[in-house]
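Residue-level structure breakdown
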Amino acid sequence: MYLPRQLISHLYLQLLRSHHPLSPPVLILVALEPDALCACRILTALLKRDYIPHKIHPVSGYGDLSQAGEELVKPMQTTNGGSGGVVVCLGVGGLVDLSEILGLSSSDPEDEVEDMGGVEVWVFDSRRPWNLANVFGGEPVTDQALGEINPNARRKTRGVDKGCITTSYKSSSGGIVVYDDGDIEEDMNKEREAYCALLEMPEVDEDDEGLDDEDSDSEGEVDQPSSSDSRKRKSWTRMDDEDESDEEDGPPRQRRRSNSGSSIASSPTRRRPRANDPFHSSRAATPVLASPSLAPPKQPSARSLKRRLLRLKRKHESVLHNYYSSGTSYSEPISSIVYSLASELGREDNDLLWLAIIGVSSLELGGRTMSGVGISNSSESGGSAGWGGERGERVRQILRDEVHRLNPPDPYERDRDIRGEINGVIPTTAKSPTDKSIRLSPEPRFILIRHWSLYDSMLHSPYLASRLHVWTENGRKRLNKLLAKMGISLSQSHQSYTHMDMELKRVLRQRLLKYAPMYGLDGLVPAEASGHAASREGWGFVRCWGWKACLSATDVGVIIGAMLEVGPEEAPGSWDAKRLSRPKITSDSKGVTESTQSDIVPRFWNAYDALSLTSESPTLLLAALPLAQHLHRSILRTGTSLLSKHQIRHLRAFRIAVVKDGPDVKLFTNPGALTKLALWIAEAIRVQERERGDSVKIGGKRAAGTPLVLAGLDEDRGVYVVVGTGGGGGVVDFAAMNKRREESRNKKEAKEKKRKEKEERRATRAAERAKREAEGEEDFEESEEESESESESEPEDEEDTHADKRLLRNRFGIAFQEVVQETNARVRIDSFDHCVVEVQKEDLGAFLEALSFRSVVG
């Protein structure tokens, strides 16, 4: 089921009304990423204000999620002696069937009653594609529903219309509820109709001799596996292996075993929608079809009806298959959605707004774009590069409006604040000892500029490094020349930014705007703003805590990301600690999960405390600055080594690089840190290709760069952590696309006006045409005019239909699973980002060779 955006507070208000002192605590499962962490902070603030007990449990992958389902979720079910309750998934499980991986569904295939035991799961996830079993299914089947003839009766009485929750819905028997950010309601009508049609369709036997061949020859549809041999539907992408996954504990996984008996489990694949009694009943497959003719029609034979039903089934399955095979992408950040919930409840304040801003700002730091994990074309526009093009900018615009609303300027200092914003001075101090306001700031594309020297901040900026080629000696010279042109000496640039000359800081933005374009850095800072107190596109957000600290939202996102990805055991200096030993991977997947938990739990709670809403928050963030600086120094050092030594090879479908030696090799065994290194290298490669004019074409469309596969060696566990980044899905320019649609709409209106004028002229000549004998020619002219008007309206429809195909999405997750299916490579896909896998050390070569023949961007 899915909850529309306009009813976002419906379930929370029901929880508030039904809560009592004996109610079980709300279980919150949180992914290890800044966006999910910020959403968790906002949600727990709401629960605390309403005195609703809750429990937070961090999960790093599908193994942890399955273990949490076994140990925490199953005991909540009324069928297991519990009292039901609510489970909230933040950044967790949107791509898989949660009822199966959390153990809410019955394990007995003969059990027709799927009672979720009063457990209701709320899903907040920005990853796409959705698992449609969660979106349009997710309802428990009760004994009463099994006896009903109408398959939609249960949904109507429970306030669910084809998977959509209405105002009459009441939480009672549990279920899975996906929080819609607007995409489901607006863009997934075709998938919704196909899913519901398949759910209500009677069972069809495709194994009859001659029937399947005849249909495939006449229709040319994609073959799909039969669904008659199981109560639960298989994966639309045909990536399940029941013979192996049934023997394993935990989530459904595919296993590839070596001769030694060790195995690495892969991620659960997407499941087909679980069918209830209407879809998998044993009723006769001969529905009565009404004929459009008035005369009594000849009743079609059972064979022709079955053939017709089979064609319809394959058509609907093809729609779902195309949806799943389009590749991964990211939608609105979940911290923004949870803040919308707080706003709907009237609970918004500066603290919750700041958390939402951090979550939105952190999304692109990890390469989360509308085309999946990869670099974004919007980075050329300047300022804070958008995760979603025009849509992402609309979300940030709403956040700027909220900043103005919740942080009104002091009337005595209004003129000074306006002058500071127009001049573009980067704020580094608070206005007063008690100032905790949020302000807009023209943030340049630097890293931790308030907490580093200007030189180091520019040197470690991925945007600037890729365009100046700082991994070469000439690139460092270009950086020095840029500083010299701006009138900033090397001694001043190597000082801490807060200790630089005040006049240099005051004119820094104007000089960057003047000299940066000479070096191809047009998007280094936001463009000049006009007007006063108006929200400004590309501007960032800054918050101060009196004289304690002044941090930008991007700085906090960088620090929180480093705390989750690096951890104190990997950092030097004051953060140096005893390294946590990590045993090698064995066939016992439980040992791997326990080792992972010992790493992630301290990191999670350190980051959670650093986002505290108390006055201790800036202190903890500033103490973690060495982590972030260490991470970005390592990215620059390792990326420079790979590029300068020409260790990046170009295979058939992507480029490949391997990090297997050097001082930072252990750091890049974490998928988040490895992804940031891959994005840094991919940005550098894209700029090089563009300068040489040899950017590739994928599917007939010019990509922003070649896809990149980066592998990091984890010697302790004997595996390579592999990440695949899209080479240029980028984002669609929605503003330009809407403009084209508006122009097409205007043209269509003009053509419609002409058509009406022609009809009027034909009406005036109707009497004359009746007297003439040459009616055939005139009828031919009329039909010719009509066909001309119809042909003129076709281009707009075609443009609207294929608008989304301009996105070149990351398909590495699909390609990885295809390689697992067809090779003996031992692969473990446990990350929520399916473009991240772990490959046994000895199998990397064969894995990459098979992967090079796959489509990784589409």
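For the structure, check the block above.
These figures come from a predicted structure and were not determined experimentally.

Conventions adopted
- Residues numbered from 1 in each chain as written.
- Predicted model: local features only at pLDDT ≥ 70, side-chain atom pairs only at ≥ 80, totals over all residues.
- Heavy atoms only, no water.
- Axes fitted to C-alpha atoms, helices over the stretch in contact; angles between N-to-C directions.
- Helix = DSSP H or I, 4+ residues; strand = E, 2+ residues; numbered from the N terminus.
- Parallel < 35°, antiparallel > 145°, perpendicular 65-115°, else oblique.
- Left-handed = near helix turned anticlockwise from the far one by under 90°.
- Contact = heavy atoms within 4.5 Å.
- Nonpolar A, V, L, I, M, F, W, Y, C, P; charged D, E, K, R; others polar.
- Phe/Tyr/Trp six-rings, centres within 6.5 Å; stacked < 30°, edge-to-face > 60°.
- Buried < 20%, exposed > 50% of the residue type's maximum accessible area, 1.4 Å probe, protein only.
- Pairing = 2+ DSSP bridges.

1. Quick look at the packing of helix α25 (residues 625–644) against helix α26 (residues 671–692)
Two elements in contact, α25 and α26, have axes whose closest approach is 10 Å; the angle formed by their N-to-C orientations is 50°. By the angle between their axes, α25 is oblique relative to α26. In this structure, the crossing between α25 and α26 has a hand that is right-handed. Across the interface between the two elements, Leu-631, Ile-635, Leu-636, Thr-638, Gly-639, Thr-640, Leu-642 and Leu-643 from α25 touch Ala-673, Lys-676, Leu-677, Trp-680, Ile-681 and Ala-684 from α26. Considered class by class, the residues forming the contact of α25 with α26 number 10 nonpolar, three polar and one charged.

2. Regarding the packing of aromatic side chains
Inspection of the entire model under this criterion finds 14 aromatic pairs. Seen from their ring centres, Trp-354 and Trp-545 are 6.1 Å apart, and the 75° between their planes marks the pair as edge-to-face. Of this pair, Trp-354 sits in helix α14 (residues 350–362) while Trp-545 sits in the loop between β16 (540–544) and β17 (550–552), placing them 191 residues apart in sequence. According to the relative accessible area criterion, Trp-354 is buried, its value standing at 4%. Using a relative accessible area of 8% as the deciding quantity, one classes Trp-545 as buried. Ring geometry for Phe-604 versus Trp-605: centroids 5.0 Å apart, planes at 80°, classification edge-to-face. For Phe-604, a relative accessible area of 1% corresponds to the buried category.

3. Brief notes about the packing of helix α2 (residues 34–49) against α14
Remark: α2 packs on α14, axes separated minimally by 7 Å, with the N-to-C direction vectors making an angle of 160°. In terms of orientation, α2 and α14 fall into the roughly antiparallel class. Helix-helix and strand crossings are classified by hand; for α2 and α14 the assignment is left-handed. Of the residues in α14, those touching α2 at Pro-34, Asp-35, Cys-38, Arg-41, Ile-42, Ala-45, Leu-46 and Arg-49 are Leu-352, Leu-355, Ala-356, Ile-358, Gly-359 and Ser-362. Among the residues making up the contact of α2 with α14, the classes are represented as nine nonpolar, two polar and three charged.

4. Structural notes on the sheet that holds strand β15 (residues 438–441)
Taken together, three strands build an open sheet; the order of strands is β15-β16-β17 and the sheet is antiparallel. Each edge of the sheet is formed by a strand with only one pairing partner; in this case those strands are β15 and β17. The mean angle between the axes of side-by-side strands here comes to 30°, regardless of whether they run parallel or antiparallel. Bridging between β15 and β16 involves four bridges; their strand directions are antiparallel. In the strand pairing of β16, Arg-439 is matched with Val-542. Contacts between α14 and the sheet are confined to β15, β16 and β17, with β16 contributing the most and set at about 135° to the helix. Across the sheet, helix α22 (residues 553–565) touches β16 and β17, and the angle it forms with β17 is around 80°.

5. A look at the sheet that holds strand β19 (residues 655–659)
Spatial strand order, β18-β19-β22-β23-β25-β24: six strands in an open sheet with mixed pairing. Either end of the sheet is taken by a strand with one partner, and the two such strands are β18 (649–650) and β24 (827–828). Two strands pair when backbone bridges link them, and β19 and strand β22 (residues 708–714) are joined in this way by five bridges, in the parallel orientation. The residue bridging Ala-657 from the neighbouring strand is Leu-710, located in β22. Where helix α31 (residues 844–851) meets the sheet, its contacts fall on β19, β22, β23 (719–725), β24 and β25 (836–840), and the angle it forms with β25 comes to roughly 135°.

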